Amino acid sequence: MRTDKMLENRQDLRSKKVKDHSVLTGMFSDNDHAEKAYRSLNEKGYGQDDIFWSRTYDTGIIVIGVRPRNMEDAEYFENDWRTHKGEIIYR
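All values derive from a computational prediction rather than experimental measurement.

Draft legend 1. Just helix H2 (residues 31-43), in detail. With 13 residues, H2 ought to run about 18 Å at 1.5 Å a step, and its terminal C-alpha atoms sit 18 Å apart, in line with that. Buried within H2 are the following residues: His-33, Ala-34, Ala-37, Ser-40 and Leu-41. Projection of H2 onto a plane perpendicular to its axis shows the buried side chains occupying an angular sector of 115°, all on one side. Tucked into the core, H2 has its buried residues touching strand E1 (24-28), strand E2 (51-55), strand E3 (62-66) and helix H3 (71-83). Two to three positions downstream of the cap, the backbone nitrogen of Asp-32 sits 3.1 Å from a side-chain oxygen, assigning the N-cap of H2 to Asp-30. Once H2 finishes, Gly-45 follows within two positions and takes phi at roughly 95°, a positive value.

See the structure below:
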C-alpha cells in the first residue's frame with residue numbers, strides 16, 4: 001500500500017516538473033530571422049544559460065529553444081517568432 005502511494009507521488013512530481021519546465025522551440029530558415037528571435041530573448045532578460053540553439057548544416061535550419069519564465073513570456077516569444085518567420089513553433 002505504501003509503495004503505491006510513493007509511486008503516485010513520484011508521478012505527480014514528474015508531471016509538475018514537466019509543466020514547470022516546458023520549452024518553447026521554433027525553427028528558422030535563415031540567420032537574419034533567427035538572430036532577431038535570439039535578440040528578442042535577450043531583450044527580455046534571457047541569457048546564454050537560458051537559450052539553446054542548434055543548426056543543421058545540410059539544410060541550414062536553425063532551432064531555438066527557451067524555457068519561458070511565465071506564460072506571458074511564452075506568448076510574447078511565440079508571437080514575436082512568428083513575425084520573424086519562425087516555423088513549427090512548439091510550446
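Draft legend 2. Structural view of the nonpolar core. With 13 residues, the main nonpolar core has Leu-41, Ile-64, Val-66, Phe-77 and Trp-81 as its most contacted residues. Counting only elements with at least two residues in this core, the list comes to E1, H2, E3 and H3. When sequence neighbours within four positions are dropped, the list of residues in contact with Trp-81 reads Leu-24, Thr-25, Gly-26, Phe-28, Ala-37, Ser-40, Leu-41, Ile-64, Val-66, Gly-86 and Ile-89.

Criteria and cut-off values
- Residues numbered from 1 in each chain as written.
- Predicted model: local features only at pLDDT ≥ 70, side-chain atom pairs only at ≥ 80, totals over all residues.
- Heavy atoms only, no water.
- Helix = DSSP H or I, 4+ residues; strand = E, 2+ residues; numbered from the N terminus.
- Expected span 1.5 Å × (residues − 1).
- Buried < 20%, exposed > 50% of the residue type's maximum accessible area, 1.4 Å probe, protein only.
- Arc of directions from axis to C-beta.
- Contact = heavy atoms within 4.5 Å.
- Polar contact = N/O pair within 3.5 Å; in protein donor to acceptor, adjacent residues only side chain to side chain.
- Core = buried A, V, L, I, M, F, W, Y, C linked by side-chain atoms within 4.5 Å.

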